[in-house]
Each structure stands twice: as structure tokens, then as C-alpha cells.
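As a plain string of letters, each chain reads:
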Amino acid sequence: MEELLITCLTEKQLEEDTVEFHSPRQPRGQPFTTELGPSEQHPSKMAANSSNTGSKSGTSAGGKQSGPSAEQVVATFQRMRQEQRSMASKSAELEMDINEHSLVIDTLKDVAPSRKCYRLVGGVLVERTVKEVLPALETNKEQISKIIESINTKMQEKGRELTEYRERYNIRLVGEGEGEAQGQSTSSTNSEGGGPKSGAGVLVS
């Protein structure tokens, strides 16, 4: 077996990751080189490589930003609007009930207290007297009024949430931009032609 002689490695050669081997039969002027593996590299080079890898991974990890997507933002906004519409619909329905209660109460006030009347309870007509039905109707009217006030308060809170949500994600409804552009063009035309000038704009939602 041919014996290989390894030359002394200098610090510079270690940093270049190359090792020269000389064979007894090969002239020393023509060495052949081989690359060192990862486990055989100089400690300073291994530390540099590891730091570069860590910085790349940190950059890739830091580049990802967490946040809702456009579809999620729109879905949340539509859900909040639907909740507000449901509250408004329920409030309008209860307002109709109050009007009906007021109409019946005004009618029964002019009737004798002992007169018979019929009240619909759970889909069944129940015979009662005016003096029994009238206090119950007034109590129901008061309770419905309190419920309407509570719904209106929640509806106002939901409206503020919608406004903040729109401003946070810069949401614009269809047709808003056209209305604002038309208003600006109208105001500019009036100012140029000496027409009436408005000091403040009104936003109708």
C-alpha cells in the first residue's frame, strides 16, 4: 500500500478548508487537494456558518406577520352588520307591539270595568273582565318598552364597534366613493359659480 505523507497544516490552510497530500511518487510542486467535511472544518468557520444559518432562519421567521386575511375581515364585518340589522328588526317589531297595546288600552279605558273581554293567551282565547285585562296590558307595555330601550342601547354600541372596525381596516361600502366624489365636484362648482357654500359635510349611513 502506498503511504501518503500529510504536510503540516498552517492556520491559513485550515481557514481555506483544504489539505494538501503529497505522494512519494508525485512531485511536491503538484499537490492534489480535497475539501474537508462539515465535521472537519475549522471551529471559526463552523461558528460563522452557524451564525449565518441562524440569521437566515430568524429573518424568514420574522418576515411572517400574523393578522386576519381580507376574507376574514369582510366576513367579520358582514356578521357584525347582520347582528345590527337583527337588532333593528326586533326593535321595530316590538314597537308595533307597543302600538297595539296602546290602542287596546285606550279602547278599554272607556269601557265598564265589569264588562267581559277576551284575551289571546298562547293561541287560545280566554274570557276575562276589563278590570283584569287592563292592568296586565299596561304591565306588558312597560316591559316591552324596557326591552326596546335595552335593544337600542346594544344597537348603538354595535354601531360604534362597526365604525371602529371600518376605520381600523379601512373598509368602504359600495357607492361611498362615488357619493363623496360627486359631493366634492358639486361643492367646487358652487364655489366657482358663486352658488351657496356649505360649511360642513353630512355622512349618512
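None of these values were measured; they are calculated from a predicted model.

1. As for helix α3 (residues 70-108)
Residue pairs three or four apart in sequence face the same way in an α-helix, which turns once every 3.6 residues.
Here's step 1: Compared with the 57 Å implied by 1.5 Å per residue over 39 residues, the 57 Å span of α3 between its first and last C-alpha is a close match.
Here's step 2: Listed as buried for α3 are Val73, Phe77, Met80, Ser91, Leu94, Ile98, His101, Ser102, Ile105 and Leu108.
Here's step 3: Buried residues along α3 sit in contact with α4 (130-169).

2. Observations concerning the packing of α3 against α4
Here's step 1: Contact geometry for α3 and α4: axes closest at 8 Å, N-to-C directions at 160 degrees. Regarding the angle of α3 to α4, the classification is roughly antiparallel. Both α3 and α4 take part in a crossing whose hand is left-handed.
Here's step 2: Broken down by class, the residue content of the contact of α3 with α4 amounts to 22 nonpolar, 10 polar and 11 charged.

3. A word on the side chain of Lys158
Here's step 1: One can find Lys158 in helix α4.
Here's step 2: Overall, Lys158 belongs to the buried group, its relative accessible area being 13%.
Here's step 3: Excluding residues within four positions of it along the chain, Lys158 makes contact with Met80, Glu83, Gln84 and Met87.

4. Things to note about unusual backbone geometry
Glycine aside, the phi torsion of most residues is negative, and most peptide linkages are trans.
Here's step 1: Despite not being glycine, Asn170 shows a phi value in the positive range, around 55 degrees.
Here's step 2: With respect to the secondary-structure elements, Asn170 resides in the loop between α4 and α5 (176-193).
Here's step 3: For Asn170, a relative accessible area of 61% puts it in the exposed group.

Calculation criteria
- Residues numbered from 1 in each chain as written.
- Predicted model: local features only at pLDDT ≥ 70, side-chain atom pairs only at ≥ 80, totals over all residues.
- Heavy atoms only, no water.
- Helix = DSSP H or I, 4+ residues; strand = E, 2+ residues; numbered from the N terminus.
- Expected span 1.5 Å × (residues − 1).
- Buried < 20%, exposed > 50% of the residue type's maximum accessible area, 1.4 Å probe, protein only.
- Contact = heavy atoms within 4.5 Å.
- Axes fitted to C-alpha atoms, helices over the stretch in contact; angles between N-to-C directions.
- Parallel < 35°, antiparallel > 145°, perpendicular 65-115°, else oblique.
- Left-handed = near helix turned anticlockwise from the far one by under 90°.
- Nonpolar A, V, L, I, M, F, W, Y, C, P; charged D, E, K, R; others polar.

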